Amino acid sequence: VLDGAVLVVDAVAGVQAQTETVWRAIRNTDTSSATTGDGSGTNRAAHGSHAHEPLPALMFINKMDREGADFRHAIDTVRRKLKGSNPVVVQLPLYRKTNHGGSANGGGGGGKSDSLGPEIVAGSLSQSPPDGEFIGMIDLVHMRAIIYPDDAEDLSMEDAVPSVISLHSNAAREGNPRLIETAMEARRDLISN
C-alpha cells in the first residue's frame, strides 16, 4: 500500500518526462480499471482504502549546487507541467555572492550566529538566482538559515555540521506567510481557532 510519494526535480532541467509520468500515476484516481479481479481497480490496490484520493506528495529540488541551477525555474516547471500540483515552498536556497570574498559562516561550522552578512543572499520565487555559490537554505518553517561549511566536501558526514542562524530576513518573511496560508487552506478547522 502506498501512503505517499517523494518526487525529485532537477534544479537545472526542471520537471522531466519521467517526473510527469510518475505524477500522473500518483494522481490517478480512476478506480474503474480492475487488476485485482474484484473490480476495485489498480488505484485501490496501490492506495488501500483511500483509492478515491490522490496520493500526497513531497517534491525535492535536487542538484542545487550545479552550474545553471535555478530554484525558481524548477518550481515554475512543477506548476506548469504537473497538473493539479500546488507547490508550497518550505525552504529557499542561500547563495554567497561571487563578488564578495571570505567565509559565509565565520570560517567554522556547527556554530550559531545572529546575522547572515551582506555577501549571503536568499533565492527567491520572483527573481532569477543571484550570481554566486549555493551554500545552504532558509528553513521557512523554523525561520532559520542552514549554511553548509565551506569545506564540507572534504569532511566526514559527522564533521560537516552546518551553521544554524535564526533569522527574520525579507526572504524568510516573504515565504513564511505563504506557507501558513496554504496550511490554513488545507485545514479549514484551524481558522476557527
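Heads up: the structure comes first, above all this text.
Predicted model, so just to flag it, every value in this text is computed and none were measured. (Residues numbered from 1 in each chain as written. Predicted model: local features only at pLDDT ≥ 70, side-chain atom pairs only at ≥ 80, totals over all residues. Heavy atoms only, no water.)

Which parts of the structure should I look at to understand a negative patch on the surface?
Negative charge collects at one region of the surface, where Asp65, Asp151, Glu153 and Asp154 lie side by side. Tracing the chain through its elements places aspartate 65 in the loop between strand 2 (57-62) and helix 3 (71-81). Overall, aspartate 65 belongs to the exposed group, its relative accessible area being 60%. (Patch = residues over 30% accessible without salt bridge, like charges linked within 9 Å, V, L, I, M, F, W, Y side chains within 5 Å. Areas by Shrake-Rupley, 256 points an atom, 1.4 Å probe, with all protein chains shown as cover. Salt bridge = Lys/Arg side-chain N within 4 Å of Asp/Glu carboxyl O. Lys, Arg positive; Asp, Glu negative; His and termini not counted. Charge placed at Lys NZ, Arg CZ, Asp CG, Glu CD. Helix = DSSP H or I, 4+ residues; strand = E, 2+ residues; numbered from the N terminus. Buried < 20%, exposed > 50% of the residue type's maximum accessible area, 1.4 Å probe, protein only.)

Would you mind showing me how to read helix 3 here?
Helical periodicity: at 3.6 residues per turn, an α-helix aligns residues three or four positions apart in one direction. All buried positions along helix 3 are accounted for by Phe71, Ala74, Ile75, Thr77 and Val78. One side of helix 3 carries all its buried residues, which in axial view fall inside an arc of 155 degrees. Along its buried surface, helix 3 packs onto strand 1 (5-10), strand 2 and strand 3 (91-97). Among the residues of helix 3, the N-terminal cap falls to aspartate 70, whose side-chain oxygen and the backbone nitrogen of arginine 72 are separated by 3.1 Å. (Arc of directions from axis to C-beta. Contact = heavy atoms within 4.5 Å. Polar contact = N/O pair within 3.5 Å; in protein donor to acceptor, adjacent residues only side chain to side chain.)

Help me understand unusual backbone geometry, please; the structure alone is not making it clear to me.
Residues other than glycine predominantly adopt negative phi, and peptide bonds predominantly adopt the trans conformation. Phi is positive for lysine 63, which is not a glycine, with a value near 65 degrees. Note on placement: lysine 63 falls in the loop between strand 2 and helix 3.

Would you take a moment to explain the pattern of salt bridges for this structure?
Note on pairing: side chains with opposite charge can pair once their charged atoms come close. In the structure shown here, the tally under the stated rule is five salt bridges. Across the pair glutamate 133 and arginine 96 runs a salt bridge whose closest N-O atoms are separated by 2.7 Å. Placement of glutamate 133 in strand 6 (residues 132-139) and of arginine 96 in strand 3 is noted, with a sequence separation of 37 residues between them. Exposure remark for glutamate 133: the relative accessible area of 43% places this residue in the partly exposed category. Connected through shared salt-bridge partners, Arg96, Glu133 and Asp150 make up one network.

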